[in-house]
Amino acid sequence: MLRYALHDVLKASSPITTAPALPYSALTYSIPTLMAETTLKAVAAKMAKLDITMLTTHTSRGQLSTRPMSNNGDVEYDGNSYYFTYEGSRTVSDITENPHVSLGFSGPDYLYVSVVGTATLIRQRATLEKHWLPELKRWFKDGIDTPGIVLIRVQARRLKFWHGEENGEVTL
């Protein structure tokens, strides 16, 4: 992080100062440096215990719509994320019209991850079985035989993370 003094910025941009002078330490703030390139494996290690994401889609009216989604422990991250939902959901209709989505994760120790990618709707039984976990019966009482069950796959195109003072970006 680069450190700059607000006083120096104000002094250079404004010849008139009406506020009383503050101690230098009260005027110091941080400006982040450019994100460092990192690897998918490094970001995946940070995401290993993150379950809940905020999935953002584009509505038919061009608005953004965000909702929480759980990967239910399916977190061996390889650039793809999987989420079960229902065929008749707003999420499915949004993805059908515009597959460009984003995911936002938050974790311990000031960990934040942003994923921009493309969503695909999957209805093939074999793929549903591969990602099914017994805990999902809470929402889908008949398991993968629940009428209208759909699996959303989000294939990442770009990932960014912030973890305390560390940050990075991966383009896939």
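Residues numbered from 1 in each chain as written. Predicted model: local features only at pLDDT ≥ 70, side-chain atom pairs only at ≥ 80, totals over all residues. Heavy atoms only, no water.

1. With respect to unusual backbone geometry
So, step 1. For Asp109, which is not a glycine, the phi torsion comes out positive at approximately 55 degrees.
So, step 2. The residue Asp109 is located in the loop between strand E7 (100–107) and strand E8 (111–122) in this model.
So, step 3. For Asp109, a relative accessible area of 60% puts it in the exposed group.
So, step 4. Phi is positive for Tyr110, which is not a glycine, with a value near 60 degrees.
So, step 5. Within the secondary structure, Tyr110 is located in the loop between E7 and E8.
So, step 6. Overall, the relative accessible area of 64% leaves Tyr110 in the exposed class. (Helix = DSSP H or I, 4+ residues; strand = E, 2+ residues; numbered from the N terminus. Buried < 20%, exposed > 50% of the residue type's maximum accessible area, 1.4 Å probe, protein only.)

2. So, the nonpolar core
So, step 1. With 25 residues, the main nonpolar core has Met47, Phe105, Val113, Val115, Ile152, Val154 and Leu159 as its most contacted residues.
So, step 2. Elements with a contribution of two residues or more to this core: helix H2 (40–47), helix H3 (90–97), E7, E8 and strand E9 (149–163).
So, step 3. Ranked by size, the runner-up nonpolar core spans 10 residues in total, among them Phe84, Ile122, Phe140 and Leu151. (Core = buried A, V, L, I, M, F, W, Y, C linked by side-chain atoms within 4.5 Å.)

3. Considering the packing of aromatic side chains
So, step 1. Enumeration according to the criterion identifies four aromatic pairs in this entry.
So, step 2. Each ring, one from Phe84 and one from Trp132, has its centre 5.5 Å from the other, and the planes form 85 degrees; the classification is edge-to-face. Residue Phe84 is found in strand E6 (residues 80–86), and its partner Trp132 is found in the loop between helix H4 (125–131) and E9; the two are separated by 48 residues along the sequence. Here Phe84 and Trp132 have matching classes, each one buried.
So, step 3. Relative to Phe140, the ring of Trp132 has its centre 6.3 Å away and its plane inclined at 70 degrees; by these criteria the two rings are edge-to-face. Summarising the burial analysis for this pair, Trp132 and Phe140 share the class buried. (Phe/Tyr/Trp six-rings, centres within 6.5 Å; stacked < 30°, edge-to-face > 60°.)

4. Structural notes on the side chain of Thr85
So, step 1. Relative to the helices and strands, Thr85 is located in strand E6.
So, step 2. Here Ser89 takes part through its side chain, which lies 3.4 Å from a polar atom of the side chain of Thr85.
So, step 3. Ignoring anything within four residues of it in the chain, the contact list for Thr85 reads Met69, Val92, Phe140, Gly148, Ile149, Val150 and Ile152. (Polar contact = N/O pair within 3.5 Å; in protein donor to acceptor, adjacent residues only side chain to side chain. Contact = heavy atoms within 4.5 Å.)

5. As for the layout of surface pockets
So, step 1. Of the volumes computed, that of the second largest pocket is approximately 180 Å³.
So, step 2. Around the second largest pocket, the lining residues are Ile52, Pro68, Met69, Ser70, Asn72, Phe84, Thr85, Tyr86, Leu136, Trp139 and Phe140.
So, step 3. Elements that contribute at least two residues to the lining of the second largest pocket include exactly strand E5 (64–70) and E6.
So, step 4. For the lining of the second largest pocket, the per-class residue count stands at eight nonpolar, three polar and no charged. (1 Å grid on protein atoms, 1.4 Å probe; cavity = no way out; pocket = protein on both sides within 12 Å on 5 of 7 lines; lining within 4 Å. Points joined across faces, edges and corners; volume = space filled by probe spheres on them. Nonpolar A, V, L, I, M, F, W, Y, C, P; charged D, E, K, R; others polar.)

6. A short note on the pattern of salt bridges
So, step 1. Here the structure, examined in full by the defined rule, presents seven salt bridges.
So, step 2. Between Arg125 and Glu129 there is a salt bridge, with the nearest N and O atoms lying 3.2 Å from each other. Of this pair, Arg125 and Glu129 both sit in helix H4, separated by four residues, roughly a single helical turn.
So, step 3. Overall, Glu129 belongs to the partly exposed group, its relative accessible area being 44%.
So, step 4. A salt bridge links Arg158 to Glu169; the shortest N-O distance between them is 3.6 Å. Taken together, the residues span a long stretch of sequence, with Arg158 in strand E9 and Glu169 in strand E10 (residues 166–171) at a distance of 11 residues.
So, step 5. Residue Glu169 is classed as partly exposed on the basis of its relative accessible area of 23%.
So, step 6. Taken together, the salt bridges that share partners define one network made up of Arg67, Arg90 and Asp94. (Salt bridge = Lys/Arg side-chain N within 4 Å of Asp/Glu carboxyl O.)

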